Amino acid sequence: RMEGLTTIARTKDDRCFEIIEETFRNHEVPQMRAHAARLLAEYPAKMCEPVLLSAVNAEDFEEKPDGERRALIGALAKVESDKARGFVRAIFAEKSGLLRGRKVDDRKLMAISALQAAPGLPALQLLVEVAKDEKQHSKEVLEAAVAAAHEVKRRISGPGGAPL
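Residues take numbers from 1 onward in each chain, read along the sequence in its written order. Side-chain atom pairs in this predicted model are given and counted only at pLDDT of 80 or more, local residue features only at pLDDT of at least 70, and totals for whole chains, interfaces and linings cover all residues. Side-chain metrics rest on all non-hydrogen atoms present in the structure, leaving aside hydrogens and water.

**Q** What is the right way to look at helix 6 (residues 82-93) in this model?
**A** Residues spaced three or four apart along an α-helix point in a common direction, a consequence of the helix completing one turn every 3.6 residues. Taking 1.5 Å per residue as the helical rise, helix 6 with its 12 residues ought to reach 16 Å, and the 15 Å between its terminal C-alpha atoms agrees with that figure. Each residue's exposure class comes from its accessible area (1.4 Å probe, protein chains only) as a fraction of the maximum for that residue type: buried when under 20%, exposed when over 50%, partly exposed otherwise. The helix and strand labels rest on DSSP assignments: H or I over at least four residues marks a helix, E over at least two residues marks a strand, and numbering proceeds from the N terminus. Listed in full, the buried residues belonging to helix 6 are Ala84, Phe87, Val88, Ile91 and Phe92. Along helix 6, the residues classed as buried sweep out an arc of 145 degrees about the axis, all on the same side. For helix 6, exposure combined with an orientation more than 90 degrees from the buried face picks out Asp82 and Lys83. A helix is expected to span 1.5 Å for every residue after the first. It is the directions from the helix axis to the C-beta atoms that the arc portrays.

So, in structure tokens, the structure goes:
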């Protein structure tokens, strides 16, 4: 089924977008919804941004399986729009306090994982920014951001690419 959805996504017309959006919104299997989210990000921002942003801002977002949430954040990281980038950046801007520190770090780690899974120059730039911001992030988040930045750089430029 995922291969069929991928084939449909190659066409990039409005009807194919509707099919992928329908799968994303209503399919009973979380892996199919996650795959559809990643495919939506390949469409123009004006089409996919509202769909993806409404999903991450929905009340049930935190209740979705980790893989689906990661796919949504990764899809937003690929969308070339200020609102989509703003959502991903807002995750890293969250302050971790005494009571919510672990939960905030978990969200940041999930976002790092999503950026690593959706490699591209915007993801690499954001990961490097996070890795350099020692005052804002825990040691665990910083280390994860550095490792993810190296992996994204390797995937973008190949194994012999320039250092970070």
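Having seen the model, we can carry on.
**Q** What is the right way to look at the packing of helix 3 (residues 30-40) against helix 5 (residues 66-78) in this model?
**A** The description of two packed helices rests on the angle between their axes and on the distance between the axes. Between N-to-C directions, angles cover 0 to 180 degrees, with each direction set by a line fitted to C-alpha atoms, over the stretch in contact for helices. Remark: helix 3 packs on helix 5, axes separated minimally by 8 Å, with the N-to-C direction vectors making an angle of 5 degrees. In terms of axis orientation, helix 3 runs roughly parallel to helix 5. Residue-level contacts link Pro30, Arg33, Ala34, Ala37 and Arg38 of helix 3 to Gly67, Glu68, Ala71, Leu72 and Ala75 of helix 5. Throughout, the ten residues Ala, Val, Leu, Ile, Met, Phe, Trp, Tyr, Cys and Pro are labelled nonpolar, Asp, Glu, Lys and Arg are labelled charged, and all others, Gly among them, are labelled polar. Here the residues of the contact of helix 3 with helix 5 are counted per class, giving 6 nonpolar, 1 polar and 3 charged. Should an angle fall under 35 degrees it is taken as roughly parallel, and over 145 as roughly antiparallel, whereas 65 to 115 is taken as roughly perpendicular and any remaining angle as oblique. Whether two residues are in contact is decided by their heavy atoms: any pair within 4.5 Å suffices.

**Q** Would you explain unusual backbone geometry in this entry?
**A** Among all residues except glycine, the phi angle is most often negative; among peptide bonds, the trans geometry is most common. Even without glycine at this site, Lys12 takes up a positive phi of about 65 degrees. Note on placement: Lys12 falls in the loop between helix 1 (2-9) and helix 2 (14-26). On the basis of relative accessibility, which here comes to 37%, the residue Lys12 falls in the partly exposed class.

**Q** Please explain the pattern of salt bridges as it appears in this structure.
**A** Note on pairing: side chains with opposite charge can pair once their charged atoms come close. We define a salt bridge as a side-chain nitrogen of Lys or Arg found within 4 Å of a carboxyl oxygen belonging to Asp or Glu. Within this structure, the stated rule accounts for 15 salt bridges. Lys64 is paired through a salt bridge with Glu68; the nearest N and O atoms lie 3.8 Å apart. In this structure, Lys64 and Glu68 share a single accessibility class: buried. Taken together, the shared-partner salt bridges connect Glu62, Asp66, Arg69, Glu94 and Arg107 into one network.

**Q** When you look at the layout of surface pockets in this model, what are you seeing that I'm missing?
**A** One simple way to see leftover space: roll a probe sized like a water molecule over the atoms. Here a cavity is any set of points on a 1 Å grid over the protein atoms alone where a 1.4 Å probe fits but cannot get out, and a pocket is any open set with protein on both sides within 12 Å along at least 5 of 7 lines; a residue lines the site when it has an atom within 4 Å of a point. Grid points are joined across faces, edges and corners, and a volume is the space filled by probe spheres set on the points. Reported here for the largest pocket is a volume of approximately 160 Å³. Residue lining of the largest pocket: Phe24, Arg25, Arg33, Ala55, Ala58, Asp60, Lys64 and Glu68, and that is the complete set. Here the lining of the largest pocket is built from residues that sort into 3 nonpolar, no polar and 5 charged.

**Q** Looking at this structure, I do not really get the packing of aromatic side chains. What am I missing?
**A** For any pair of aromatic rings, the description rests on two quantities: the centre-to-centre distance and the angle between the ring planes. Here is the rule: rings of Phe, Tyr and Trp (six-membered ring for Trp) pair when centre to centre is within 6.5 Å. Planes less than 30 degrees apart are stacked, more than 60 are edge-to-face, and the remainder are tilted. With the rule as written, the count across this model stands at 1 aromatic pair. Seen in terms of ring centroids, Phe17 and Tyr43 are 5.1 Å apart; in terms of plane orientation they differ by 70 degrees. Their pairing is edge-to-face. Of this pair, Phe17 sits in helix 2 while Tyr43 sits in the loop between helix 3 and helix 4 (45-56); the two residues are 26 residues apart in sequence, bridging distant segments of the chain. Summarising the burial analysis for this pair, Phe17 and Tyr43 share the class buried.

**Q** What's the story with the environment of Ala41 in this structure? I'm lost.
**A** For Ala41, the location among the structural elements is in the loop between helix 3 and helix 4. Given a relative accessible area of 9%, Ala41 falls into the buried group. Counting along the chain gives 74 residues from Ala41 to Leu115, while the straight-line C-alpha distance between them is 13 Å. The contacts of Ala41, once residues within four sequence positions are left out, are Cys48, Leu52, Ala75, Lys78 and Val79.

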